[in-house]
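Chain residues, written in single-letter form:
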Amino acid sequence: MIRILIPIGLLVAGGIVHLMLSRRNEKKVQAEWAVLLSPSSERVFQQARMEVESHTSMIDVAVTEAREIRQLGNVEEAVRFLNIGCDIIHRFTPNLLSLLAVMTRFSRMVSAIAPITPIVPGDFHLAELTNLARLNRLLHHMLASAKQRFRLKLYILGKGLSLTSQYLIRTIGNIVSGRSHEEREWDEVVDITQDFQKLSNESVLSLRVLLEALSSDAAKELSRTISLPQPHSSHD
């Protein structure tokens with residue numbers, strides 16, 4: 001029995017060491033890739049980041065203000081703020097999903113891409129997002145290439161954003177129409193809005209990873225495709 005356990009123990013220990021070394025190598029590669037973003041690609045990234053952050057900040061302010069105003073007793077004004085947040089979510093989500101679709105298409109143009117990390121399950125309030133993140137982590141380790149893992153993450157982000165947006169719009173609709181008067185749902189809207197913001201931020205960070213792998217011309221083409229202002233190339 002001991003003779004059997006010793007090889008098994010060595011195998012397990014070897015696997016753990018291999019995993020630790022792989023993670024160290026992955027972090028090293030990520031650090032090396034991080035310095036490769038050209039000035040042109042950096043401008044594309046910053047423009048996209050500002051666009052996403054401005055919308056998610058407006059959504060966060062609207063729903064947070066709505067809850068605080070309701071706690072002060074002004075339900076009518078609180079509902080007005082919720083409607084504003086809901087309208088921004090409704091208009092912004094298709095744009096974000098289109099960005100992810102464009103990123104998936106452009107990822108086929110690169111020969112190599114920096115290693116990425118899967119979404120962290122503990123970052124979310126919505127149970128369905130936690131399950132999606134767990135699926136991302138499981139499949140991440142089953143895929144062989146960084147490009148496959150990158151596309152998987154984009155797919156998970158798209159599913160998560162669609163799910164979160166639908167949940168927020170439906171829940172806000174119930175509150176606004178008077179079908180729900182529970183304090184819990186107002187709190188949930190704020191929490192799930194934070195989930196939406198995290199998914200949006202992950203989408204922007206994924207864009208940076210893609211831009212690091214694209215040529216300057218491809219980055220400009222991506223910029224045109226997602227209708228961002230065109231970066232100048234004089235200093236590239």
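Residues numbered from 1 in each chain as written. Predicted model: local features only at pLDDT ≥ 70, side-chain atom pairs only at ≥ 80, totals over all residues. Heavy atoms only, no water.

**Focus on the packing of helix α2 (residues 39-71) against helix α6 (residues 183-213)**
Link 1 in the chain: The interhelical angle for the contact between α2 and α6, taken along N-to-C directions, is 175 degrees, at an axis separation of 10 Å. The angle between α2 and α6 falls in the class roughly antiparallel.
Link 2 in the chain: Residues belonging to the contact of α2 with α6 are distributed by class as follows: 14 nonpolar, eight polar and eight charged. (Axes fitted to C-alpha atoms, helices over the stretch in contact; angles between N-to-C directions. Helix = DSSP H or I, 4+ residues; strand = E, 2+ residues; numbered from the N terminus. Parallel < 35°, antiparallel > 145°, perpendicular 65-115°, else oblique. Nonpolar A, V, L, I, M, F, W, Y, C, P; charged D, E, K, R; others polar.)

**Digging into the packing of aromatic side chains**
Link 1 in the chain: Taken as a whole and assessed by the stated rule, the structure comprises one aromatic pair.
Link 2 in the chain: Ring centres of F92 and F196 lie 6.4 Å apart, and the angle between their planes is 65 degrees; this geometry places the pair in the edge-to-face category. Of the two residues, F92 sits in helix α3 (residues 75-107) while F196 sits in helix α6, which places them 104 residues apart along the sequence.
Link 3 in the chain: The exposure class of F92 is buried, given its relative accessible area of 4%.
Link 4 in the chain: Here F196 falls in the buried class, since its relative accessible area comes to 2%.
Link 5 in the chain: Directly above the aromatic system of F81 lies the positively charged group of R80, at a separation of 5.1 Å from the ring centroid.
Link 6 in the chain: The lysine or arginine in question, R208, covers the ring of F45, its NZ or CZ lying 5.0 Å from the ring centre. (Phe/Tyr/Trp six-rings, centres within 6.5 Å; stacked < 30°, edge-to-face > 60°. Buried < 20%, exposed > 50% of the residue type's maximum accessible area, 1.4 Å probe, protein only. Lys NZ or Arg CZ within 6 Å of the ring centre and 35° of its normal.)

**Brief notes about the nonpolar core**
Link 1 in the chain: Within the largest apolar cluster, 58 residues are counted, with the highest numbers of intra-cluster contacts made by L82, M103, F150, L210, L214 and L222.
Link 2 in the chain: Contributing elements (two or more residues each) for this core: α2, α3, α4 (127-140), α5 (146-176), α6 and α7 (216-225).
Link 3 in the chain: In terms of residues, this core owes the most to one element, α3, which gives 14 residues.
Link 4 in the chain: Residue contacts for L222: discarding those within four places in its chain leaves V44, V102, F106, L207, L210 and L214. (Core = buried A, V, L, I, M, F, W, Y, C linked by side-chain atoms within 4.5 Å. Contact = heavy atoms within 4.5 Å.)

**A word on the pattern of salt bridges**
Link 1 in the chain: Under the counting rule described, the total for this entry stands at ten salt bridges.
Link 2 in the chain: Measuring nitrogen to oxygen at the nearest pair gives 2.2 Å for the salt bridge that ties R70 to E183. Here E183 lies in helix α6 and R70 lies in helix α2, a separation of 113 residues in the sequence.
Link 3 in the chain: Two residues, E77 and R80, come together in a salt bridge whose shortest N-O distance is 2.7 Å. Within this pair, E77 and its partner R80 are both found in helix α3, separated by three residues, close to a single helical turn.
Link 4 in the chain: What you see here is one network of salt bridges that share partners, running through E42, R208 and E212. (Salt bridge = Lys/Arg side-chain N within 4 Å of Asp/Glu carboxyl O.)

**Focus on the confidence of the model for the protein chain**
It should be kept in mind that the predicted coordinates are not to be read in detail where pLDDT is low.
Link 1 in the chain: Across the protein chain, the average pLDDT comes to 82, with 79% of residues at or above 70.
Link 2 in the chain: Low confidence marks residues 1-35, where pLDDT is under 50. Its contacts with residues over four positions away, or in another chain, come to 16 contacts. (pLDDT = per-residue confidence, 0-100.)

**So, the environment of I192**
Link 1 in the chain: With respect to the element layout, I192 can be found in helix α6.
Link 2 in the chain: I192 sits in the buried class, given a relative accessible area of 3%.
Link 3 in the chain: Sequence spacing of I192 and S165 is 27 residues, and the spatial spacing of their C-alpha atoms is 9.0 Å.
Link 4 in the chain: When near neighbours in sequence (up to four residues on either side) are disregarded, I192 contacts H125, L126, T164, Y167 and L168.

**So, the environment of K198**
Link 1 in the chain: Summarising the element assignment, K198 is placed in helix α6.
Link 2 in the chain: The exposure class of K198 is partly exposed, given its relative accessible area of 31%.
Link 3 in the chain: A sequence separation of 74 residues divides K198 from F124, and the C-alpha atoms of the two residues are 8.2 Å apart.
Link 4 in the chain: In contact with K198, other than residues within four places in its own chain, are D123, F124 and H125.
Link 5 in the chain: In terms of polar contacts, K198 uses its side chain to reach the backbone carbonyl oxygen of D123, at 2.3 Å. (Polar contact = N/O pair within 3.5 Å; in protein donor to acceptor, adjacent residues only side chain to side chain.)

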